[in-house]
Amino acid sequence: MKTDYIDLYYQHRVDPQVPIEETVGAMADMVKAGKVRALGLSEASASTIRRAHAVHPISALESEYSLWSRDIEEEILPTARELGITHVAYSPLSRKFISGELRTIEDLAADDLRKWMPRFQGENFRKNVEVVDKIKEITTEKNCSPSQLAIAWTIANGALPIPGTKRIQYLEENSAAADIVLSKEDLLRIENVSPKNIAQGTRYMKDQMSLLDG
């Protein structure tokens, strides 16, 4: 990569067996050595963030955040904002569900891991599609795609979204979302159509949810 340092070094998932002070202390040594510029955490709780930040400034927090994954709004986001930590939102399209391209479970390949996620199963899938259809009504008026609206929503809520894609077409579409301006009226309408906890089913399976730093 023609560089001798890392701009942002994350701990991707908090290890419950190792005190965060120890982990961040080791990461801070890399900053002191000039190998790393800034430190980040992923899926960390508010208390973990505060403990980590007390050891060394945390520059970024990467957490899942979308119209359908908003549990971090209660404690985690306020903590990040208080400490001046940039919030990086992964999966802003709720694993492509909000894009509107998924209509039935058959739209996923046989080996697609999403088939085992609660939001993509049975009655949950059907009800979530109904919400997407309501979101589409807004996007028609805004002359944008559901993906663009969802990404613009995360930006409007102070996040730096990082949607994943494998195709140039979607990369360009997602990038264009940065130019979409959502008014207070737009945000209120989106909230009415897709309020907090509207999504049916958790984002991960039960055993995986238990691994998150709650």
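In what follows, the structure referred to is the one given above.
Note that this is a predicted model, so its numbers are computed, not measured.

What counts, and where the lines are drawn
Residues numbered from 1 in each chain as written. Predicted model: local features only at pLDDT ≥ 70, side-chain atom pairs only at ≥ 80, totals over all residues. Heavy atoms only, no water. Core = buried A, V, L, I, M, F, W, Y, C linked by side-chain atoms within 4.5 Å. Buried < 20%, exposed > 50% of the residue type's maximum accessible area, 1.4 Å probe, protein only. Helix = DSSP H or I, 4+ residues; strand = E, 2+ residues; numbered from the N terminus. Contact = heavy atoms within 4.5 Å. Salt bridge = Lys/Arg side-chain N within 4 Å of Asp/Glu carboxyl O. Expected span 1.5 Å × (residues − 1). Pairing = 2+ DSSP bridges. Axes fitted to C-alpha atoms, helices over the stretch in contact; angles between N-to-C directions. Phe/Tyr/Trp six-rings, centres within 6.5 Å; stacked < 30°, edge-to-face > 60°. Lys NZ or Arg CZ within 6 Å of the ring centre and 35° of its normal.

Q: Honestly, the nonpolar core in this entry has me stumped. Any pointers?
A: Grouped together as the largest cluster of nonpolar side chains are 49 residues, with contacts concentrated most on Leu 41, Leu 61, Leu 67 and Trp 68. Here this core takes six residues from helix α4 (residues 122-142), the largest share from any one element. Each residue touching Leu 67, except ones within four places of it in the same chain, is listed here: Ile 98, Ile 135, Ala 150, Trp 153, Ile 190, Ser 194 and Pro 195.

Q: Where do I start with the pattern of salt bridges in this structure?
A: If charged atoms from side chains of opposite charge come close, those side chains can pair. Applying the stated criterion across every chain, the model contains 15 salt bridges. For Glu 43, the salt bridge is made with Arg 203, and the minimal N-O distance between the two is 2.9 Å. Of this pair, Glu 43 sits in the loop between β2 (36-42) and α2 (46-55) while Arg 203 sits in the loop between α7 (184-193) and α8 (206-209), and the two are 160 residues apart along the sequence. Glu 43 gets classed as buried once you look at its relative accessible area, which sits at 6%. For Arg 203, a relative accessible area of 7% puts it in the buried group.

Q: So what exactly am I meant to see when it comes to α4 here?
A: Think of an α-helix as turning once every 3.6 residues; residues three or four places apart then point the same way. With 21 residues, α4 extends 31 Å from end C-alpha to end C-alpha; this agrees with the ideal 30 Å at 1.5 Å per step. Residues of α4 that are buried: Phe 125, Asn 128, Val 129, Val 131, Val 132, Ile 135, Ile 138 and Thr 139. For α4, the secondary structure elements touched by its buried residues are α5 (146-156) and α7.

Q: Is there a simple way to think about the sheet that holds strand β5 (residues 160-162) in this case?
A: Strand pairing in a sheet relies on backbone hydrogen bonds. The paired strands run either parallel or antiparallel. If you trace the five strands from one edge of the open sheet to the other, you get β1-β2-β3-β4-β5, paired in parallel fashion. Either end of the sheet is taken by a strand with one partner, and the two such strands are β1 (6-12) and β5. Going from strand to strand, the sheet's axes swing by 30° on average, the running direction of each strand aside. Bridging between β1 and β2 involves six bridges; their strand directions are parallel. Looking across to β2, one finds that Tyr 9 is bridged to Leu 39. Across the sheet, helix α1 (residues 20-32) is in contact with β1, β2 and β3 (58-64); its angle to β2 comes to roughly 155°.

Q: Hey, could you run me through the packing of aromatic side chains in this one?
A: Here the distance between the centres and the angle between the planes together describe a pair of aromatic rings. Here the structure, examined in full by the defined rule, presents five aromatic pairs. Measuring from centroid to centroid gives 5.3 Å for Tyr 65 and Trp 153, while their planes differ by 35°, and the two rings are tilted. In this pair, Tyr 65 is assigned in the loop between β3 and α3 (76-82) and Trp 153 in helix α5, connecting sequence segments 88 residues apart. Here Tyr 65 falls in the buried class, since its relative accessible area comes to 1%. Considering the side-chain rings of Trp 68 and Phe 97, the 5.2 Å spacing of their centres and the 65° angle between planes classify their relative orientation as edge-to-face. Separated by 29 residues along the polypeptide, Trp 68 in the loop between β3 and α3 and Phe 97 in the loop between β4 (86-90) and α4 bring together distant segments of the chain. This pair shows no difference in class: Trp 68 is buried, exactly as Phe 97 is. An aromatic cluster of three or more residues is present, and its members are Trp 68, Phe 97, Phe 120 and Phe 125. Positioned above the aromatic ring of Tyr 5, the side-chain terminus of Arg 37 is 3.9 Å from the ring centre.

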